[in-house]
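Examination of the molecular architecture
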Amino acid sequence: MIFDRNENKEVIALLGAGNMGTAVARRFAAGRTILLGDINEKTLANVSEGLRFSGYTVETCRTDAMDKESIKEFARKAASLGAVKHFIDTAGASPNQSSPEHILKLDMVGTGYAVDAFGEVMAAGGAGIIVSSQAGYMLRIPEDVEQQILATPTEGLLDIPYIRETALVNSGVAYMVAKRVNHLQAMRAAATSWKGRRARINSISPGVIVTPLAYDEFAAAGEGYQRMIDAGAAMRTGSSDEIADACAFLLGEHAGFITGTDLLIDGGTIASIRMGQYQLDSSR
Ligand SMILES: NC(=O)c1ccc[n+]([C@@H]2O[C@H](COP(=O)([O-])OP(=O)(O)OC[C@H]3O[C@@H](n4cnc5c(N)ncnc54)[C@H](O)[C@@H]3O)[C@@H](O)[C@H]2O)c1
């Protein structure tokens, strides 16, 4: 029996088929073709099966989000499936999962490769989201360095002296820098390559969202996280479904005037840090 005769579906490409990525797909991708990319074959198989059994149209492409050629292939595959109207980059690793080098290559340079590659295939009227983090608000990069980052192509990011000298100190700082650079990557693309394709791009900065990645963080630094959660106005963790709601807004037509910016979704944690109610420990 054929359930679905629409062969001209718009494409939504999702790099990183983890917890948040899957929630976004379930919230937003009905009636569209989902292209899932992830480095983990088992994740791709499990997530695509779950989505297919829920009625979604799903394709997969094993992709290494740290490898420029692999990401380009992912973008080419997306374009071969139809008009690429939506792109979400959720591939990432957290501080307690990885070395500073790995975090910068995946969360910063890899994100840059993805934004660049999709800047060549997005359909007019399309929209993309980079999943950054509240960590992008935890460290102030000097203004002149931010200008340098904005002016530097993806390949050159790791050569910027500030990145080499400051970001490699430890995984926590590397994560903060990478996630702040994500905000700048959305800003840069919104004014250049994505603008040229008449597509929008923004970043979102989630706070503590309970996913397997967050459990790794809790296992390594649970007390610090608990104090951080207690300090926020919401006094709780967030869920991937709440992130998916925000993404559905930013990807959808009601956000048609929003591009090049970041949406902080953190239950008030950053506000409490800026008001001195919670002290960050940046020594890890
Ligand atoms: N969970 C949180 O509290 C939280 C908070 C703020 C930001 N974030 C960010 O949200 C994003 C998604 O995180 P999540 O919590 O859904 O985690 P997750 O672990 O469920 O998902 C991450 C996915 O990225 C994939 N991935 C890792 N390395 C990859 C690579 N080289 N190539 C392709 N795929 C790769 C993993 O296989 C996994 O499926 C990450 O960028 C993370 O930094 C998470």
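Residues numbered from 1 in each chain as written. Predicted model: local features only at pLDDT ≥ 70, side-chain atom pairs only at ≥ 80, totals over all residues.

1. Focus on the overall build of the protein chain
For the protein chain, the count of helices and strands is 11 helices and 7 strands. The globule rule puts the C-alpha radius of gyration for 284 residues at 19 Å, and the 18 Å found for the protein chain is close to it. Based on the C-alpha atoms only, the size of the protein chain along its principal axes is roughly 60 × 40 × 35 Å. The 284 residues of the protein chain split such that 45% are buried. (Helix = DSSP H or I, 4+ residues; strand = E, 2+ residues; numbered from the N terminus. Rg over C-alpha atoms; globule rule 2.2 N^0.38 Å. Buried ≥ 20, exposed ≤ 12 C-beta atoms within 10 Å, placed from the backbone.)

2. Remarks on the site of the ligand
G18, A65, G92, T211 and L213 are the nearest of the 29 residues found near the ligand. Those elements that provide at least two residues to the shell around the ligand are helix 1 (19-28), helix 4 (100-118) and helix 9 (212-231). Of all the elements, helix 9 adds the most residues to the shell around the ligand, at 3 residues. Split by residue class, the shell around the ligand holds 15 nonpolar, 11 polar and 3 charged. (Near = placed C-beta within 6 Å. Nonpolar A, V, L, I, M, F, W, Y, C, P; charged D, E, K, R; others polar.)

3. So, unusual backbone geometry
With phi around 55°, R198 is a residue other than glycine that occupies positive phi space. On the secondary structure map, R198 appears in the loop between helix 8 (193-196) and strand 6 (200-206). Given 11 C-beta atoms within a 10 Å radius, R198 is considered exposed. With phi around 55°, M235 is a residue other than glycine that occupies positive phi space. Mapping M235 onto the fold places it in the loop between helix 9 and helix 10 (240-251).

4. Here we look at the pairing of strand 4 (residues 84-89)
Of all 6 residues in strand 4, 6 are buried, a share of seventy percent or more. With 5 bridges joining them, strand 1 (residues 11-15) and strand 4 adopt parallel strand pairing. Note on strand 4: the bridge partner recorded for I12 is H86. In this structure, strand 4 lies alongside strand 5 (residues 122-131), joined through 5 bridges in parallel fashion. What sits directly across from V84, in strand 5, is M122. (Pairing = 2+ DSSP bridges.)

5. Focus: the sheet that holds strand 6
With respect to topology, 7 strands assemble into an open sheet ordered 3-2-1-4-5-6-7, the strand pairing being parallel. Since the sheet does not close on itself, it has two edges, and those belong to strand 3 (57-62) and strand 7 (262-265), each with one partner. The sheet shows a mean angle of 15° between the axes of neighbouring strands, taken without regard to direction. Against the sheet, helix 2 (residues 41-52) makes contact with strand 2 (33-38) and strand 3, and its axis sits at roughly 175° relative to strand 3, the strand it touches most. Across the sheet, helix 4 lies against strand 1, strand 4, strand 5 and strand 6, angled at about 170° from strand 5, the strand it touches most. (Axes fitted to C-alpha atoms, helices over the stretch in contact; angles between N-to-C directions. Contact = placed C-beta atoms within 7 Å.)

6. Considerations on the packing of helix 3 (residues 68-81) against helix 4
Contact pair helix 3 / helix 4: the axes reach a minimum separation of 9 Å and the direction vectors enclose 35°. The handedness of the crossing between helix 3 and helix 4 comes out as right-handed. Contacts between helix 3 and helix 4 involve K68, I71, K72 and A75 from the former and Y113, A114, A117 and F118 from the latter. For the contact of helix 3 with helix 4, a count of residues per class yields 6 nonpolar, no polar and 2 charged. (Left-handed = near helix turned anticlockwise from the far one by under 90°.)

7. Notes on helix 4
Every α-helical turn comprises 3.6 residues, leaving residues that sit three or four positions apart pointing alike. With 19 residues, helix 4 extends 26 Å from end C-alpha to end C-alpha; this agrees with the ideal 27 Å at 1.5 Å per step. A maximum bend of about 30° is found in helix 4 at G110. Burial analysis of helix 4 places 16 of its 19 residues in the buried class, which makes it a mostly covered element. (Expected span 1.5 Å × (residues − 1). Bend = angle between axes of the 7 residues up to and from the residue.)

8. Things to note about the packing of helix 1 against helix 10
Here helix 1 crosses helix 10 at 55°, and the two axes come no closer than 8 Å. It follows that helix 1 is oblique to helix 10 by the angle criterion. Crossing of helix 1 over helix 10 shows right-handed handedness. Contacts from N19, M20, A23, V24, R26, R27 and F28 in helix 1 reach S240, D241, I243, A244, D245, C247, A248 and L251 in helix 10. (Parallel < 35°, antiparallel > 145°, perpendicular 65-115°, else oblique.)

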